[in-house]
Each structure stands twice: as structure tokens, then as C-alpha cells.
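Below, each chain spelled out in residue letters.
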Amino acid sequence: MTANVDSAPITRTEDVARLLQPVVVGGDILAYSYVRELHRAFGIERTIVLATQNIKMLSESRFTDYRLEPHIHEQEGLYNALERIAREVHGAHPEKTLLILGCDDCHARMLSQGKQRLQDLGYVVPYIDFPLLDDITQKRRFYEICEELDIPFPKTWYFDCGNGPDELPVDEFPYPLIAKPSNSAQFQDAEPTIEGWRKIYEIESPEELAQVWRSIRTSDYNNLLVLQDFIPGGDDAIRTLTTFSDASGDMRVVAGGVVCLQDHDPTALGNPLCIMGEREEAIISCAKRFLSHVGYRGFANFDIKYDSRDGSFRFFEVNTRCGRNTYYMSLGGQNFVELIVREFVMGQPVEYHEAYNPFLYCCVPAYVLKRSMDNQERLAQALKALKATDEPYPLHYAPDSFKHNMWAKIMHLNQIRKFKRFYWDTNGKQLK
């Protein structure tokens, strides 16, 4: 990594709080997880957070220097904001090292693409080089690698949204289907031009597929649309795996679990809201093969689903960044931000270990779990784990300000209203 020539090297853990200035781009759960874990691991009192709107649970945190930057979803807008911060920080504290951390696919992509430019400004950029990121985040390419390495994945079809047919042969597919973009970052950018935009589409009929295809085919998204065989099973068939690899591509730390409950808001469909720690050797083995094969460094997050038809764990995609729920690795016994600082800032080796201390990561009240989870055995396990987990809620942090924790509580309780609107009222869920 190219560092600012005036920056002092950080060789001791006790110097991190004084010499490191983290900058986080984004305003979601992961943004606060960065802030929280930087304070827990190193005592960092102020993390600069850039967002396009005022997210109270972040702006009211006593550990953030919260700044509204309206253009950070545009490449030059993001780079310009980071250039201003570099001048400001190094003008006042030339000895400081800057660390940039993103929260979603589009920012991971932009930070990787501008890595050399940002490194020249004195930023540590803990993302893989752009050619590799661009390659493995294309879902078609990801599945080609999975096939080469004997990693299970769902039966898949591809259609070009830029030059594909006006109409799909909708009667030739089995239903239900899953539809999703091959390039998630570009699809996110095209959201304003897509009627009924969703992160993932669950397609029940030929008529629904035809409508979804027309809305995407005529939008600004010109990459591939991926259609996939629907793997049966509810939320608790889904698995998540988070890994951290060193510069040689060796996986050094791993954590994962079963998704007890997902978000059912159509705009956030697929985001896990409750994860219970659970180790699956088959999943870990597949991830190791993939990461070693491509020469991956840093954090990766894999989305997987258990297929009860043949007992396999089928891989859907790799996210080339921390996932929004990476705080569950901290609950499993490894402060996840500490790994970034040790590997990318301090150049310290990380011994192999697995962060599977028993845990439940939870973004919803227990009431939502009780009313939403169909698997009663899983529900009992989750409620027991919830009671046993210290600080299972990613937004509540006792050392933070009263106002932060108040807004965190409001967001937490707001999940009841969201589930009523998007799940209970539409799926006939009765009060338990």
C-alpha cells in the first residue's frame, strides 16, 4: 500500500487511536458497526462518516464526525469528497494514516477502481484490485468458477438486458423462479429507471416474469439478468459466510450462520435480520477453494442456501466487501475491524481461527421473531441464543450517547411496523 509520505507508521496497537483516521462511506448498519468496533478495538473516538442524508442513529453518535455529502454515489463526487478530507486531515495532522471503508457494492466498486488515486492521497484501501473485483462479481463468471471448483450453485439462465429479446420465452421456465442482476452495483445505480425495483425478484408466474423483464429491459441497466431455479425452503434454509484472507489468498478467519429471518420489505428483500451462529464444514471448504483459486485478500461474504432435495449447500454470490451484517463475526469472537487494521494498516500476520462462539445477531425485537418464524425448533433455539448473547443488537452500544441509543431503539421497534405491512398482513400471519 502506498502511504502518505508524512504519515507515521503504525506498529503498536496502542498507537492506533492516535495515528489512524478512519473514513466510512454510507449510512447503514454496517457503517455503525465500523464505528462501534473501531472504538471497541482501539478506542477511536471519532470516525468520519459520509452519507447523503441525515441518519440519526449515526449523526447522533458521539463516536462519529458525521458529514452530509450529496454526491458520494457518483464516482468523481466520492473521490472529490475524499480528496478534501485528505487535505483537511493531513493539513492538521500530517502524521495520521487514513483508512477508507465502504458499506455497499457500489462504493466497494468505486474504492477499488480508484485505489491508486486514493493511495496516492494517503488512504489505506482494503479492497481487492478492480480487475479481480469486476470479474468475480459478475454472476455468470462467479458460477463458471464454481463449476470449475465443484462448488454447487443453482440451475441458471442469463439474458442480456441491453441487447436481449423484447420478450422472454416465459412459458419455458419452471416456477417459482428467482430473478436478479448479474451486476448488483450497476443495477443499484439504475434503480430510478426501473419500475418496481427490487434487490431480488421472486417470480411466481410467466406473466410476472414478462412484466419484470419489460421494466428492466427498458431501463438504464444494460448488463445480464440472471434467472435461477428456486431452491425450496424458508429463511432458515439460507446460510451466510464471512471470510477474511491474507495477501497470499489464504483464508485466515471465518464466521457464519443460519439466517433465521430475512427482511420482507420488497426494497430490502434478502437482507438477513437475524442470524444464528452455525458451522458447516462443506460451506467453509468451498469458500477456501474459491478464495485461494482467485487470490483473494481481505473480507468476502458468501450467500448460500441449503437444498433439501439433495443435501447440498448452493452458492449464490460473493460480495467483495464486508456484508451489512459483519458484526456477527464480532459476536462470534473476532472483532472484524481489528482484522482490517492488522492486515492492511499494521502489516501484522493473522493466525487462522474460526469465530464460532455461540451467538445470535438480531436486528428485530423478539416479538417479530415469535410472529414471523415458522420453524418452531429454530425459533426456540434463536430465543435461547438471544438471551445468552451479549449485545446481540448491532445498533445498541452502551458507551455511545443517549441520543444514538434512542434512535437505535426507534429503528429497532420500527421493524414491527415494517413486518406488519410487508409480511404479516400479506401472508395471514396470526398473532402468537
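These numbers come from a predicted model, not from an experiment. Throughout this document, residue positions are counted from 1 along each chain, in the order its sequence is written. Since the coordinates come from a predicted model, pLDDT governs what is reported: local features require at least 70, and pairs of side-chain atoms require 80 or more to be given and counted, while whole-chain, interface and lining totals use all residues. In computing side-chain properties, one takes all heavy atoms of the structure into account and sets aside hydrogens as well as water.

A.B. asks: How would you explain the overall build of the protein chain if you had to name every residue and give the values?
C.D. replies: To qualify as a helix, a DSSP run of H or I must reach at least 4 residues; to qualify as a strand, a run of E must reach at least 2; elements of each kind are numbered from the N terminus. When helices and strands are tallied, the protein chain shows 16 helices and 16 strands. Here the protein chain has a C-alpha radius of gyration of 21 Å; the compact-globule value for 432 residues is 22 Å, and the two agree. Along the first, second and third principal axes, the C-alpha set of the protein chain runs to 65 × 50 × 40 Å. Residues are treated as being in contact if the distance between any of their heavy atoms lies within 4.5 Å. A fraction of 71% describes how many contacts in the protein chain between residues 6 or more apart in sequence connect residues 24 or more apart. Accessibility throughout is a Shrake-Rupley quantity obtained with a 1.4 Å probe, and a residue counts as covered only by protein chains that appear here. Carbon and sulfur atoms make up 48% of the accessible area of the protein chain, which amounts to about 17,900 Å² in all. Radius of gyration here is computed from C-alpha atoms only, and the compact-globule reference equals 2.2 Å multiplied by the residue count raised to the power 0.38.

A.B. asks: How would you explain the layout of surface pockets if you had to name every residue and give the values?
C.D. replies: Cavity and pocket criteria rest on a 1 Å grid covering protein atoms alone: a 1.4 Å probe that fits but cannot get out defines a cavity, protein on both sides within 12 Å along at least 5 of 7 lines defines an open pocket, and an atom within 4 Å of a point defines a lining residue. Grid points are joined across faces, edges and corners, and a volume is the space filled by probe spheres set on the points. Considered as a void within the structure, the second largest pocket measures approximately 210 Å³ in volume. Tallying contributions element by element places helix H10 (residues 206–217) first for the lining of the second largest pocket, with 5 residues. In this count, Pro and Cys sit with the nonpolar residues alongside Ala, Val, Leu, Ile, Met, Phe, Trp and Tyr, while Asp, Glu, Lys and Arg are called charged and the others, Gly among them, polar. Considering only residue class, the lining of the second largest pocket consists of 4 nonpolar, 3 polar and 4 charged.

A.B. asks: So what's going on with the packing of helix H4 (residues 75–92) against helix H5 (residues 105–113)? Residues and values would help.
C.D. replies: The axes used here are C-alpha line fits, helices contributing only the stretch in contact, and every angle between their N-to-C directions lies in the interval 0 to 180 degrees. Between H4 and H5, whose axes approach to 10 Å, the crossing angle comes to 65 degrees. One finds that H4 runs roughly perpendicular with respect to H5. As for the relative orientation of H4 and H5, their crossing is right-handed in sense. For the pair H4 and H5, contact is made by Gln-75, Leu-78, Tyr-79 and Leu-82 and by His-107, Met-110, Leu-111 and Gln-113, respectively. Considered class by class, the residues forming the contact of H4 with H5 number 5 nonpolar, 3 polar and no charged. Angular relationships are summarised with four words: roughly parallel below 35 degrees, roughly antiparallel beyond 145, roughly perpendicular across 65 to 115, and oblique for the angles in between. Here is the rule for handedness: rotate from the far helix to the near one, and if that takes an anticlockwise turn smaller than a right angle the crossing is left-handed, while a clockwise turn gives right-handed.

A.B. asks: For the packing of helix H2 (residues 29–42) against helix H13 (residues 336–345), give the residues involved together with the corresponding values.
C.D. replies: H13 packs onto H2 with a crossing angle of 70 degrees between their chain directions and a minimal axis gap of 8 Å. Regarding the angle of H2 to H13, the classification is roughly perpendicular. Mapping the contact onto sequence places Leu-30, Ser-33, Tyr-34, Glu-37, Leu-38, Ala-41 and Phe-42 in H2 and Phe-336, Val-337, Glu-338, Ile-340 and Val-341 in H13. Across the contact of H2 with H13, the residue classes tally to 9 nonpolar, 1 polar and 2 charged.

A.B. asks: Please set out the side chain of Thr-242 residue by residue, giving values where relevant.
C.D. replies: Positionally, Thr-242 belongs in strand E10 (residues 238–245). We define a polar contact as two N or O atoms separated by no more than 3.5 Å, with the added condition that, inside protein, one atom must be a possible hydrogen donor and the other a possible acceptor, whereas residues neighbouring each other in sequence contribute only through side-chain atom pairs. Polar side-chain contacts of Thr-242 include one of 3.2 Å to the side chain of Asn-301. Setting aside chain neighbours within four positions, we find Thr-242 in contact with Val-253, Val-254, Ala-255, Phe-299, Ala-300, Asn-301, Thr-326, Tyr-328 and Met-329.

A.B. asks: Can you explain the packing of aromatic side chains? Please cite residues and give values.
C.D. replies: Aromatic pairing here means that ring centres of Phe, Tyr or Trp (its six-membered ring) are within 6.5 Å. Orientation follows from the plane angle: under 30 degrees is stacked, over 60 is edge-to-face, and everything else is tilted. Summed over all chains, the structure comprises 22 aromatic pairs. Here Phe-290 and Phe-302 contribute two aromatic rings whose centre-to-centre distance is 5.8 Å and whose plane-to-plane angle is 90 degrees, an arrangement assigned as edge-to-face. In this pair, Phe-290 is assigned in helix H11 (residues 281–294) and Phe-302 in strand E13 (residues 298–307), connecting sequence segments 12 residues apart. For Phe-290, a relative accessible area of 1% gives the class buried. Exposed residues in this analysis have more than 50% of their type's maximum accessible area, buried residues have under 20%, and partly exposed residues fall in between, with area computed by a 1.4 Å probe over protein chains only. Overall, Phe-302 belongs to the buried group, its relative accessible area being 0%. Ring geometry for Tyr-367 and Trp-424: centres 5.6 Å apart, planes at 90 degrees, overall edge-to-face. Note that Tyr-367 is positioned in helix H14 (residues 366–372) and Trp-424 in helix H16 (residues 402–427), a separation of 57 residues in sequence. A relative accessible area of 34% places Tyr-367 in the partly exposed class. Residue Trp-424 is classed as buried on the basis of its relative accessible area, which comes to 3%. Ring pairs connect the aromatic residues Phe-142, Tyr-143, Phe-153, Phe-290, Phe-302 and Phe-315, which therefore count as one cluster. The cationic tip of Lys-305 hangs over the ring face of Phe-230; the distance from NZ or CZ to the ring centre is 4.5 Å. Counting as a charge over the ring demands two things of the Lys NZ or Arg CZ atom: a distance within 6 Å of the ring centre and an angle within 35 degrees of the ring normal.

A.B. asks: How would you summarise the pairing of strand E11 (residues 251–262) if you had to cite specific residues and measurements?
C.D. replies: Where burial is concerned, most of E11 is hidden: 12 out of the 12 residues are buried. Two strands form a pair only when DSSP identifies at least two bridges running between them. Here E10 runs beside E11; their pairing, made up of 7 bridges, is antiparallel. Within the sheet, the bridge partner assigned to Leu-241 lies in E11 and is Gly-256. The hairpin turn running from E10 into E11, its antiparallel successor, is 5 residues long, and Gly-249 in that turn takes a positive phi close to 90 degrees. Across 2 bridges, E11 lies against strand E15 (residues 353–354) in parallel orientation. Of the residues in E15, the one forming a bridge with Val-254 is Glu-354. In this sheet, strand E12 (residues 272–277) lies alongside E11 in antiparallel orientation, the contact comprising 5 bridges. Note on E12: the bridge partner recorded for Val-259 is Ile-275.

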